[in-house]
Amino acid sequence: MSAMQEINNYMKTEFDARSINEALARGVAAFFMLPLDPDMETVADVKTAVSEAVTNAIIHGYRSEGGVVTMELTLRGRELTVVVRDSGVGIEDVAKAREPMFTTQPEAERSGLGFTFMETFMDSLDVDSAPGRGTVVTMKKLL
Amino acid sequence: MLKEFIECPGALVAVLGGEIDQYCAAWLRSKLDVETELSGEKNLVLDLSDVSFMDSAGIGLIIGRGKRLASAGGRLALAGAGGKLKKILEMSGVTRLYPLYPNYRSAVEDMMK
Ligand SMILES: Nc1ncnc2c1ncn2[C@@H]1O[C@H](COP(=O)(O)OP(=O)(O)OP(=O)(O)O)[C@@H](O)[C@H]1O
Ligand SMILES: [Mg+2]
């Protein structure tokens, strides 16, 4: 593939809010990036961020009771955008939720590091959420 | 994923592998706790050299085991993590709580002292 050629691509996938689909979502994101031949480190970063967003949708958004998670992937040149969406319970205080070590499930041995990982491993993170309205997580990374 | 347990003098070693996420965390947690109990060992070493992926669910699992062992007077040690995994462990502060050794043998050796 010519290095000059711009790759613009888009895909949307919907899946059951079950933990078994976390690996599926990571894998789909990794394959989507493949034409750009990103280094292993970058692929690992994106896989971690996707895993965090999708896991949160499943266990927090839908409280492990099921639902539908949507993941959209967009490539514009070397910029990857990942959007993970749930129609679950939503987040009361997004700023608080994004703080390192903050978790509403300490009894489930959660470390409260999901958002911190998304922020660290991607170039940008945006969280749009309100109680009863679900949550949309948008992450970008230059590959 | 859990590959095997190795019983050593002074510590039980759990060799983990593959991908550690929310999907297997609860299952893995109970496997580790039950086997630790059965072995009668106070100390646990998690060999992570074959782990290809870990997210925050794995961090929660590690910290949870560390706390549980400490409350019973034991210790947790980590072994074999490199590259990206090591970066995640360092970033989350786990390596400041539980020492990371190059391999499980050096961890066990240190725990016997
Ligand atoms: N999609 C979501 N819907 C509802 N609440 C969410 C969602 N994502 C995150 N949250 C809330 O934000 C908090 C922080 O999320 P974060 O991923 O940082 O930590 P955690 O999931 O609690 O723990 P960890 O990710 O370390 O296992 C969660 O405890 C939860 O209350
Ligand atoms: Mg999380």
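In what follows, the structure referred to is the one given above.
Numbers given for residues are sequential positions, taken from 1 along each chain in its written order. Each chain gets a letter, beginning with A, and each ligand a number, beginning with 1, in the order they are written. Thresholds applied to this predicted model are a pLDDT of at least 70 for local features of residues and 80 or more for the giving and counting of side-chain atom pairs; totals over whole chains, interfaces and linings are not thresholded and use all residues. The side-chain numbers reported here are obtained from all heavy atoms of the structure, hydrogens and water having been left aside.

> Explain the packing of helix α1 (residues 22-39) of chain B against helix α2 (residues 56-71) of chain B residue by residue, including any values.
Residue and element names in this part refer to chain B. Where α1 contacts α2, the axes come no closer than 9 Å and their chain directions differ by 20°. Taken together, the axes of α1 and α2 lie roughly parallel to each other. Of the two possible hands of crossing, α1 and α2 adopt the one that is right-handed. On α2, the residues that touch Q22, A25, L28, R29, L32, D33, T36 and E37 of α1 are A57, L61, R65, R68 and L69. Only Asp, Glu, Lys and Arg are considered charged, only Ala, Val, Leu, Ile, Met, Phe, Trp, Tyr, Cys and Pro nonpolar, and every remaining residue, Gly among them, polar. Within the contact of α1 with α2, the residues separate by chemical class into six nonpolar, two polar and five charged. Interaxial angle, 0 to 180 degrees, is taken between N-to-C directions of lines fitted to C-alpha atoms, where a helix line uses only the stretch in contact. Helix and strand assignments follow DSSP, with helices taken as H or I runs no shorter than four residues and strands as E runs no shorter than two, numbered in order from the N terminus. Here the angle decides the label: under 35 degrees means roughly parallel, over 145 means roughly antiparallel, 65 to 115 means roughly perpendicular, and every other value means oblique. Working rule for handedness: look at the near helix, and if it is turned counterclockwise from the far one by less than a right angle, call the crossing left-handed; if clockwise, right-handed. Contacts: residue pairs with any heavy atoms within 4.5 Å of one another.

> Which residues make up the interface of chain A and chain B, and what values go with them?
Residue-level contacts link 24 residues of chain A with 18 residues of chain B. Summing both sides of the interface, chain A and chain B together bury roughly 1,800 Å²; the carbon and sulfur share of this comes to 54%. Between A:R26 and B:E19 there is a salt bridge, and its shortest N-O distance comes to 2.7 Å. Identification of polar contacts relies on pairs of N or O atoms within 3.5 Å, with a donor-acceptor requirement for protein atoms, meaning one able to donate a hydrogen and the other able to accept it, and with residues adjacent in sequence counted only if both atoms are side-chain atoms. At the surface where chain A touches chain B, the tally comes to 11 residue pairs in polar contact (both at pLDDT 80 or more). Tallied by class, the residues present in the side of chain A that touches chain B amount to eight nonpolar, eight polar and eight charged. Computed with a 1.4 Å rolling probe, the buried area is the accessible surface lost when two parts are put together, summed over both parts. Salt bridge, as applied in this entry: a Lys or Arg side-chain nitrogen positioned within 4 Å of an Asp or Glu carboxyl oxygen.

> Requested: an account of the site of ligand 1, with residues and values cited.
In the neighbourhood of ligand 1, 20 residues make up the surrounding shell, with A:N56, A:H60, A:T103, A:T104 and A:S111 lying closest. Note on terminology: near, applied to a residue and a molecule or strand, indicates that one of the residue's heavy atoms is within 4 Å of it. Those residues lying near ligand 1 are distributed over chains A and B. Within the backbone of A:F115, a nitrogen or oxygen atom sits 3.0 Å from an oxygen atom of ligand 1. Note that accessible areas follow from Shrake-Rupley with a 1.4 Å probe, and for residues the cover is restricted to the protein chains shown. Coverage of ligand 1 by the protein amounts to 95% of the 590 Å² it exposes when considered alone. Counted by class, the shell around ligand 1 contains six nonpolar, 11 polar and three charged residues.

> Lay out unusual backbone geometry in plain terms, naming residues and giving numbers.
All names here are of chain A. One non-glycine residue, S64, lies in the positive phi region at around 60°. Looking at where S64 falls in the secondary structure, it is placed in the loop between α2 (40-61) and β2 (68-76). Even without a glycine there, the phi angle at E109 is positive, about 60°. Here E109 lies in the loop between α3 (94-97) and α4 (114-121). Relative accessibility under 20% of the residue-type maximum defines a buried residue, over 50% an exposed one, and the middle range a partly exposed one, all with a 1.4 Å probe and only protein chains included. A relative accessible area of 21% means that E109 is categorised as partly exposed.

> Lay out the nonpolar core with the relevant residues and their values.
Buried Ala, Val, Leu, Ile, Met, Phe, Trp, Tyr and Cys residues that are joined via side-chain atoms within 4.5 Å together make up what is termed a nonpolar core. Counting 37 residues, the largest nonpolar core has A:V82 and A:M139 as its most contacted members. Where this core is concerned, the elements lending two or more residues are α1 (21-33), α2, β2, β3 (79-86), α3, α4, β4 (124-130) and β5 (134-142) of chain A. With nine residues, the top contributor of residues to this core is α2(A). If you look at the next biggest cluster of nonpolar residues, it comprises 29 residues, including B:L48, B:I59, B:I62 and B:I88.

> How would you summarise the environment of B:I20 if you had to cite specific residues and measurements?
Residues and elements named next belong to chain B. Relative to the helices and strands, I20 resides in strand β2 (residues 11-20). Measuring from C-alpha to C-alpha, the distance between I20 and D110 comes to 26 Å, with 90 residues separating the pair along the chain. Contact partners of I20, with chain neighbours within four places excluded, come to M1, L28, V51, F53, M54, D55 and G58.

> Run through the side chain of A:E72, naming residues and quoting values.
Residue and element names in this part refer to chain A. Inspection of the secondary structure assignment puts E72 in strand β2. A distance of 3.1 Å separates a polar atom in the side chain of E72 from a polar atom in the side chain of R85. Setting aside anything within four residues of it in sequence, one finds E72 in contact with Y10, M11, K12, T81, V82, V83 and R85.

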